[in-house]
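Commentary on secondary and tertiary structure
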Amino acid sequence: MDAAATPTFKRVVFVRHGQGFHNLHRNWALQDPLLTDLGESQASAFPKDPQLERVLALPKTDVAIAVSPLRRTIQTAFFGLTPYQFSNSQWHINPDILETGDVMCDTGDPALGRELLETLGRQDLLPQYEALPPEWVVKDKGYFKDDQQSIRSRFQNFGRWCLERQERCVIAVAHYSLLATCLNIHLENCEVAAFDLTPDGQWLYARDLSPASAQLS
């Protein structure tokens, strides 16, 4: 078979965020909550998961990082992945992996998000955070409407974004309900799940942890 015709896959490793204050208190009215102390500890530890260790051992240019724009996912990515010294061009704040739910804890606040990035010393991410479409905080209508069709459509767009990336692997820091809805997986805080994304948009659970096993592009 011609090498150009050989099917290739993109390895996408999903990470659910660490424990947030809304998880701790079961208070869904908290606006875009931060991580608890336990959540920060969980975030610092998730890269030790075997599904991620092999990805993180690849050359840095082979890995992209996609992060939901909510504060708890930004924190999770920051505490877990900053030690690996990815360049700022490899970090992508992607609203297509925003959490489902038209409640305050799952709705962003741009002022709080900007403040967090400044506190974390990630001013380099402010331009793309501020370039997010204004409607990403509106969940009762439009592109970010909280209904099954819109959620799945956004996730399909995320898959296309992954396939268009030049990197071999994507680490995506996302949310429980999004992943339960779109991939039928139920992750605990900072639990990891690796998938291989086919060129036609199918998500296949990665049985072999080695990225090389997936004929990655």
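Residues numbered from 1 in each chain as written. Predicted model: local features only at pLDDT ≥ 70, side-chain atom pairs only at ≥ 80, totals over all residues. Heavy atoms only, no water.

Things to note about the sheet that holds strand S6 (residues 203–205)
Strand order in the open sheet made by the six strands is S3-S2-S4-S1-S5-S6, with mixed pairing throughout. The sheet is open, and its two edges are formed by strand S3 (91–93) and S6, each paired on a single side. Here the average twist between neighbouring strands, direction ignored, is 30°. Summarising the sheet, strand S1 (residues 10–16) and strand S5 (residues 192–197) pair through six bridges and their orientation is antiparallel. Residue pairing across strands places Phe14 opposite Ala193, the latter belonging to S5. Lying on the sheet, helix H4 (residues 71–81) is in contact with S1, strand S2 (63–67), S3 and strand S4 (169–174); it crosses S4 at an angle near 130°. Together, S1, S2, S3, S4, S5 and S6 form the strand contacts of helix H7 (residues 148–164), whose direction differs from that of S1 by roughly 130°. (Pairing = 2+ DSSP bridges. Helix = DSSP H or I, 4+ residues; strand = E, 2+ residues; numbered from the N terminus. Axes fitted to C-alpha atoms, helices over the stretch in contact; angles between N-to-C directions. Contact = heavy atoms within 4.5 Å.)

What to know about the pattern of salt bridges
Here the structure, examined in full by the defined rule, presents six salt bridges. In this structure, the salt-bridge partner of Asp106 is Arg72, at a minimum N-O distance of 2.6 Å. In this pair, Asp106 sits in the loop between S3 and helix H5 (110–119) while Arg72 sits in helix H4, placing the two residues 34 residues apart along the sequence. Judged by its relative accessible area of 1%, Arg72 is buried. (Salt bridge = Lys/Arg side-chain N within 4 Å of Asp/Glu carboxyl O. Buried < 20%, exposed > 50% of the residue type's maximum accessible area, 1.4 Å probe, protein only.)

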